[in-house]
Amino acid sequence: MLIFPAIDIIEGQVVRLTIGEYASAKKYLLTPLSAAEQFCEAGAKYMHVVDLDGARSGRADNARTIEDIVKRCKMFVEVGGGIRTEERIKSYLDCGVGRVILGTAAVKNSDFVSKMVAKFGDKIAVGVDVKQGKVAVNGWEELTATDAISFCRALQDMGVDNIIYTDISRDGTLKGTNLDIYKVLCHTLSLKITASGGITNIDEIEQLKNMGVYAAIVGKALYEGRIDLKRAIEVAGE
């Protein structure tokens, strides 16, 4: 299993949200670049970066900051937040991003997802952000009527290779991730599943690995000293 330390960005600063609420944003005394450099020094080979401003606005508000991280840190970086056009996908991939994450665009325009997957293959992932079993969009602020599991199956049928499934009710709470939903996903889908939201300790990382999860995103637990990144990478068996 792969470990993706997370960098979420608002107005150029590293933040962590709690249950997806922007008003809860906790700012850390790290620049996004310095956070990335620390992760790299700890042995990380992969990184998950989200433009939270872009997720709400639909624009690439922090694109320059993200491009700087990609150019200066020799890691596989996946990027999400506000990616809703082919032009933006190409711009990120051209600067060295390893994979782009579609969220709102995937829910509201399935034809677009199909076309982008056909064109860019496994460089496209879809973020499935979930509240009460339904998919949320626009920076998690708008809840749709789309059933999350059915949506995942539809993505698989479209040829999507990788989904990032986040239980928003767990995200940033440091109360543990939703292990049960990842068991269901691993048993019913052939997708590469990335677990995101609420991962708090090494034991959860080991359990996710053992159930066949492809990757785990770790955020607040790293910043708050709950998880040692070197140890997490070792347990995951990258």
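To be clear, the structure that these remarks concern was listed above.
Given the structure is predicted, the values throughout are model-derived calculations rather than measurements.

**Re the packing of aromatic side chains**
Next up, step 1: Under the counting rule described, the total for this entry stands at six aromatic pairs.
Next up, step 2: Pairing F4 with Y46 gives two aromatic rings, centres 5.3 Å apart and planes at 40°, and the pair type is tilted. With a gap of 42 residues between them, F4 in strand 1 (residues 2–10) and Y46 in strand 4 (residues 46–51) connect regions that are remote in the sequence.
Next up, step 3: In this structure F4 comes out as buried when scored by relative accessible area, which is 0%.
Next up, step 4: With a centroid separation of 6.0 Å and 70° between ring planes, the pair formed by F39 and Y223 is classed as edge-to-face. Pair noted here: F39 is in helix 1 (residues 32–41) and Y223 is in helix 10 (residues 220–223), with a separation of 184 residues, a long-range link.
Next up, step 5: F39 sits in the buried class, given a relative accessible area of 8%.
Next up, step 6: An aromatic cluster is present here, built from F4, Y46 and F76 joined pairwise through their rings.
Next up, step 7: A cation sits over an aromatic face here: R56 above Y22, 3.8 Å from the ring centre.
Next up, step 8: Above the ring of Y92, the side-chain terminus of R88 is found at 4.8 Å from the ring centroid.

**A word on helix 11 (residues 229–236)**
In an α-helix, one turn spans 3.6 residues, which is why side chains three or four residues apart end up on the same side.
Next up, step 1: If you check which residues of helix 11 are buried, you get L229, A232, I233, V235 and A236. Viewed along the axis of helix 11, the buried residues span an arc of 165°, placing them on a single side of the element. Across helix 11 from its buried face, at more than 90 degrees, point the exposed residues K230 and E234.
Next up, step 2: Its buried side turned inward, helix 11 meets strand 1, helix 1, helix 9 (202–211) and helix 10.
Next up, step 3: The opening residue of helix 11, the one whose side-chain oxygen lies 3.3 Å from the backbone nitrogen of K230, is D228.
Next up, step 4: Positive backbone phi, approximately 70°, marks G237, located one or two places after helix 11.

**Regarding the side chain of N162**
Next up, step 1: Its location among the elements puts N162 in strand 10 (residues 162–167).
Next up, step 2: Looking at N162, the relative accessible area reads 1%, which means it is buried.
Next up, step 3: If sequence neighbours within four positions are ignored, N162 has contacts with R99, A125, V126, K192, T194 and Y214.

**Topic: the pattern of salt bridges**
Next up, step 1: Enumeration according to the criterion identifies eleven salt bridges in this entry.
Next up, step 2: The salt bridge involving R88 is made with E67; its shortest N-O contact spans 3.9 Å. Of the two residues, R88 sits in helix 4 (residues 86–94) while E67 sits in helix 3 (residues 63–72), which places them 21 residues apart along the sequence.
Next up, step 3: Judged by relative accessible area, which is 18%, E67 ranks as buried.
Next up, step 4: Note that E142 and K108 form a salt bridge whose closest N and O atoms lie 3.5 Å from each other. Within this pair, whereas E142 is found in strand 9 (residues 142–147), its partner K108 is found in helix 5 (residues 104–108), the two being separated by 34 residues in sequence.
Next up, step 5: Here E142 falls in the partly exposed class, since its relative accessible area comes to 34%.

Here is what the cut-offs are and how they apply
- Residues numbered from 1 in each chain as written.
- Predicted model: local features only at pLDDT ≥ 70, side-chain atom pairs only at ≥ 80, totals over all residues.
- Heavy atoms only, no water.
- Phe/Tyr/Trp six-rings, centres within 6.5 Å; stacked < 30°, edge-to-face > 60°.
- Helix = DSSP H or I, 4+ residues; strand = E, 2+ residues; numbered from the N terminus.
- Buried < 20%, exposed > 50% of the residue type's maximum accessible area, 1.4 Å probe, protein only.
- Lys NZ or Arg CZ within 6 Å of the ring centre and 35° of its normal.
- Arc of directions from axis to C-beta.
- Contact = heavy atoms within 4.5 Å.
- Polar contact = N/O pair within 3.5 Å; in protein donor to acceptor, adjacent residues only side chain to side chain.
- Salt bridge = Lys/Arg side-chain N within 4 Å of Asp/Glu carboxyl O.

Nothing here speaks to function; it is geometry throughout.
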